[in-house]
Amino acid sequence: MQKKRFSFSKTSFIASMVFLFVPLVVLIVFSFNANKAPVLTGFSLVWYQRLFTSSRSLWNAFFTSITIAVTASITATVIGTLAAIGVHWHKFALKTYVQAITYIPLVLPEIIIGMSLLAFFSGSHFTLGGVSVNVGFRLNLGWLTIFIAHATFCLPFVYLMVLARLDEFDSSIIEAAHDLGATEGQTLLKVIIPISMPGIISGFLTSLTLSLEDFTITYFVSGVSSTLPMAVYGQMYKGGVSPVINALSAIMILGTIVLALLARNFLKYIAANG
Amino acid sequence: MKGATIGILGISKAFGSFAALNDVSLDIRKGEFFSLLGPSGCGKTTLLRIIAGFEQPDEGSVTIDGINVLPLPPNRRHANTVFQNYALFPHLSVFENVAFPLRLKNTKNSIVTAKVNDYLHLVELGDHAAKMPSMLSGGQKQRVAIARALINEPSVLLLDEPLSALDAKLRHHMLMELDAIHDKIGITFIYVTHDQSEALSVSDRIAVMYQGDVLQVGTPHDIYESPATNFVAQFIGETNMFEGTVRASMGQMYVLDVDELGRVVVTDDRIYEVGERVSLTVRPEKLRISPDEPRVNGRSDINVFEGTVDEPIYSGFQSKYYVRLSPTVVFRVFKQHSDYTDEEHDILWKERVHVSWSAKDGYIVEGHRN
């Protein structure tokens, strides 16, 4: 028999899988632990029970996060999609500058975005030649400011994903639609939006994830409101994460896996059908 | 006959400092298969896009059946386009691609089904209605694009190099099918191509374009046999071109003194003055090549030259020879392989041969300054 050879690709594949998933498995296992300490002592659903019966503030934070994630993602998706379509198909002055500037939020440290948004929402102003110039809006920090901040930082992701999709298509498709009798509106609804759909869906899902997990930017603009990452951080700050968080995380991991599979099947369906 | 007449009058179009079309005028007849032929950058596609409505000319007018269409957007013109890269909608099935124009008009479902099936049948794609465009071959995609462009029953079909993405055999097959579809539905076809053999084999008339100008409009026969300019002569098919001076005329027979070559006779029914500089073209397939001196039986209308084979090229159905007649003059000669008439042996490299042609097979190109 031939001796099995060392395979670099196989080994690195296994190693990366272990690094990726072992922490998740540990978290799920400990969510069923009977003990609060990080020592496995027995199976229990106590943390799940506590999650559903006596974790009001955690659930509040969770629902705030979900609401903001959904609304901010929809907003970012609509604006980002239309922006991508506009920039892709229309020629206008400063187009190259607009394209260059949309990359900036992706590479800017979150702490800078957070600080600048906070300055913006505090209604910053300066005096120039005796005249006071407002450079922001005075808004009470809370739900609305988090929503605006999240929609803002998700926008470039949607924009770039839709743009990448549109780049795959020749403009002759749009000309063909016009040629065959479609008005501008019909072309948008029956051709451009449908062919951009994989990009729009990926952008929306990415936005959901980014919004749900964001801590840094949210921290600057949240005021008294609390999102889930902030609630978890708050608990840690007060003396350790309760295994209730493990239980919530396990449920969210399950939800994410379901969502990811749905998205994958959807994208596969789109790919198979053009 | 169905179809429309198209009038193109004084169309000029520039992109920045590049003049794509210079004062182009054409009259395209009802139901005609009309080709715009020229090398890339000659303005043929720009002209097609102006007729379709994707570009606006700087000057001039375009009429379809006498009505000025320049103010109309593409969706309001009775002209549909078949695009070079097919431009099928990737998210719609073959059926829905073809049905697209009907769906826009909220046509009743039963009518849509019947009509789409008719047109899919016309392009022989009846069995592929449910497939997505990504599952089709290039030739099938092109058929879908044709069916989709025809379903609105346009009076003009604009074809922008529709076959250039297909391989040679399929291209020829699709060309014959396009010709058959044209015969069947009888509307006006405007066909843009850079391939002279495509244009010659299917067109009723051809406009040869070069650098934004129309050099010649005529039937394939006119364009091949009587090219209006040196460019047309050289672009359509292969040819041998010479410059020379008219030395004498005897009725319709002219004696030319061709530079670097000598005395050549040619017949032409137009009038040339003795001393006039002219261009002469002789097609390679009209030349006879033989190792022995041809027997001319005293005829004065046969040109005979002796030379050396520089390069014999075997290409299956024929052989091509480059024959050097003088230090600077090389003739291209095509010889069909029809052995029963040839008592001679194969012609070899460096062999001394005779090249001969009849005066009526030469042609004086008028616009030789071009």
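Quick look at the structure, then. (Residues numbered from 1 in each chain as written. Chains lettered and ligands numbered in written order. Predicted model: local features only at pLDDT ≥ 70, side-chain atom pairs only at ≥ 80, totals over all residues. Heavy atoms only, no water.)

### Quick notes on the overall build of chain A
Here is step 1 of the chain: When helices and strands are counted, chain A shows twelve helices and two strands.
Here is step 2 of the chain: Taken from N to C terminus, the helices and strands of chain A fall in the order α-α-α-α-α-α-β-β-α-α-α-α-α-α.
Here is step 3 of the chain: Computed over its C-alpha atoms, the radius of gyration of chain A comes to 24 Å, more than 25% above the 19 Å expected for a compact globule of 274 residues.
Here is step 4 of the chain: For the C-alpha atoms alone, the extent of chain A along its principal axes is close to 80 × 70 × 35 Å.
Here is step 5 of the chain: In chain A, which comprises 274 residues, the proportion classed as buried is 35%.
Here is step 6 of the chain: Look at the contacts in chain A between residues 6 or more apart in sequence, and 67% of them connect residues 24 or more apart.
Here is step 7 of the chain: Counting every atom, chain A has about 16,200 Å² of accessible surface; 71% of that belongs to carbon and sulfur.
Here is step 8 of the chain: Computed over 15 positive and 9 negative side-chain charges, the inter-centroid distance for chain A is 21 Å. (Helix = DSSP H or I, 4+ residues; strand = E, 2+ residues; numbered from the N terminus. Rg over C-alpha atoms; globule rule 2.2 N^0.38 Å. Buried < 20%, exposed > 50% of the residue type's maximum accessible area, 1.4 Å probe, protein only. Contact = heavy atoms within 4.5 Å. Areas by Shrake-Rupley, 256 points an atom, 1.4 Å probe, with all protein chains shown as cover. Lys, Arg positive; Asp, Glu negative; His and termini not counted. Charge placed at Lys NZ, Arg CZ, Asp CG, Glu CD.)

### A word on the environment of B:Ala147
Here is step 1 of the chain: As for its placement among the helices and strands, B:Ala147 is situated in helix 4 (residues 138-150).
Here is step 2 of the chain: Between the alpha carbons of B:Ala147 and B:Arg263 there is a distance of 56 Å; along the sequence they are 116 residues apart.

### Observations regarding the sheet that holds strand 18 (residues 329-336) of chain B
All names here are of chain B.
Here is step 1 of the chain: What the five strands build is an open sheet, ordered 15-19-16-17-18; its pairing is antiparallel. The open sheet has two edge strands with one neighbour each: strand 15 (288-290) and strand 18. Pairwise comparison of adjacent strand axes, ignoring direction, gives a mean angle of 40° for this sheet.
Here is step 2 of the chain: When strand 16 (residues 302-314) meets strand 19 (residues 352-358), the two strands line up antiparallel, connected through seven bridges. Directly across from Asn303, in strand 19, lies its bridge partner Trp357. (Pairing = 2+ DSSP bridges. Axes fitted to C-alpha atoms, helices over the stretch in contact; angles between N-to-C directions.)

### Quick word on the nonpolar core
Here is step 1 of the chain: Counting residues in each nonpolar core, the largest one holds 38 residues, and the members touching the most others are B:Val116, B:Ile146, B:Leu150, B:Leu157, B:Ile181 and B:Phe189.
Here is step 2 of the chain: When contributions to this core are tallied by element, the ones reaching two or more residues are helix 2 (94-104), helix 3 (109-122), helix 4, strand 7 (156-160), helix 5 (168-185) and strand 8 (188-193) of chain B.
Here is step 3 of the chain: Top contributing element to this core by residue count: helix 4 of chain B, with six residues.
Here is step 4 of the chain: Residues contacting B:Ile146, with those up to four places away along its chain left out, are B:Val82, B:Val123, B:Met174, B:Leu178 and B:Ile181.
Here is step 5 of the chain: The next biggest cluster of nonpolar side chains, apart from the first, holds 37 residues, and it includes A:Val87, A:Tyr159, A:Ile173 and B:Phe89. (Core = buried A, V, L, I, M, F, W, Y, C linked by side-chain atoms within 4.5 Å.)

### Considering a negative patch on the surface
Here is step 1 of the chain: Side chains of B:Asp23, B:Asp58, B:Glu59 and B:Asp213 sit close together on the surface and give a patch of like negative charge.
Here is step 2 of the chain: Assignment of secondary structure puts B:Asp23 in strand 2 (residues 18-28). (Patch = residues over 30% accessible without salt bridge, like charges linked within 9 Å, V, L, I, M, F, W, Y side chains within 5 Å. Salt bridge = Lys/Arg side-chain N within 4 Å of Asp/Glu carboxyl O.)

### With respect to the pairing of strand 7 of chain B
Residue and element names in this part refer to chain B.
Here is step 1 of the chain: A large share of strand 7 lies buried, amounting to five of its five residues.
Here is step 2 of the chain: Alternating residues of strand 7 divide into Val156, Leu158 and Asp160 and Leu157 and Leu159, and every residue in both groups is buried.
Here is step 3 of the chain: Pairing of strand 6 (residues 79-82) with strand 7 involves four bridges; the strand directions are parallel. Each residue of the ladder has a partner; that of Asn80, found in strand 7, is Leu157.
Here is step 4 of the chain: As defined by bridge partners, strand 7 adjoins strand 8 across five bridges and the pair is classed as parallel. Residue pairing in the sheet places Asp160 in a bridge with Val192 of strand 8.

### Details of the interface of chain B and chain A
Size of an interface, as often reported, equals the accessible area lost when the parts are brought together.
Here is step 1 of the chain: Contacts between the two partners involve 23 residues from chain B and, on the opposite side, 21 residues from chain A.
Here is step 2 of the chain: Carbon and sulfur atoms make up 60% of the surface buried where chain B meets chain A, a total of about 1,900 Å² over both sides.
Here is step 3 of the chain: Counting across the chain B and chain A interface gives one salt bridge.
Here is step 4 of the chain: At the junction of chain B with chain A, the criterion picks out ten residue pairs in polar contact (both at pLDDT 80 or more).
Here is step 5 of the chain: Elements represented by at least two residues in the side of chain B that touches chain A include exactly helix 1 (44-52), strand 6, helix 2 and helix 4 of chain B.
Here is step 6 of the chain: Counted by class, the side of chain B that touches chain A contains 14 nonpolar, seven polar and two charged residues. (Buried area = accessible area lost by both parts, 1.4 Å probe. Polar contact = N/O pair within 3.5 Å; in protein donor to acceptor, adjacent residues only side chain to side chain. Nonpolar A, V, L, I, M, F, W, Y, C, P; charged D, E, K, R; others polar.)

### A few points about the pattern of salt bridges
Here is step 1 of the chain: Within this structure, the stated rule accounts for 21 salt bridges over all chains.
Here is step 2 of the chain: Across the pair B:Arg332 and B:Glu238 runs a salt bridge, and its minimum N-O distance is 2.7 Å. Pair noted here: B:Arg332 is in strand 18 and B:Glu238 is in the loop between helix 8 (230-235) and strand 11 (240-250), with a separation of 94 residues, a long-range link.
Here is step 3 of the chain: B:Arg332 sits in the partly exposed class, given a relative accessible area of 27%.
Here is step 4 of the chain: The partner of B:Arg277 in a salt bridge is B:Asp259, and the shortest N-O contact between them spans 2.8 Å. On the criterion of sequence distance, the pair formed by B:Arg277 in strand 14 (residues 277-282) and B:Asp259 in the loop between strand 12 (253-258) and strand 13 (262-267) is long-range, its members being 18 residues apart.
Here is step 5 of the chain: Judged by its relative accessible area of 35%, B:Arg277 falls in the partly exposed class.
Here is step 6 of the chain: The network of salt bridges with common partners includes A:Glu175, B:Arg49 and B:Glu55.

### Looking at helix 3 of chain B
Residues and elements named next belong to chain B.
Here is step 1 of the chain: The end-to-end C-alpha distance of helix 3, which contains 14 residues, comes to 20 Å, matching closely the 20 Å that a straight helix rising 1.5 Å per residue would cover.
Here is step 2 of the chain: If you check which residues of helix 3 are buried, you get Val112, Val116, Tyr119, Leu120 and Leu122. One side of helix 3 holds all its buried residues, which, seen down the axis, span an arc of 150°. Those residues of helix 3 that are exposed and angled more than 90 degrees off the buried face are Asp118 and His121. (Expected span 1.5 Å × (residues − 1). Arc of directions from axis to C-beta.)

As far as function goes, none of this settles anything; it's purely spatial.
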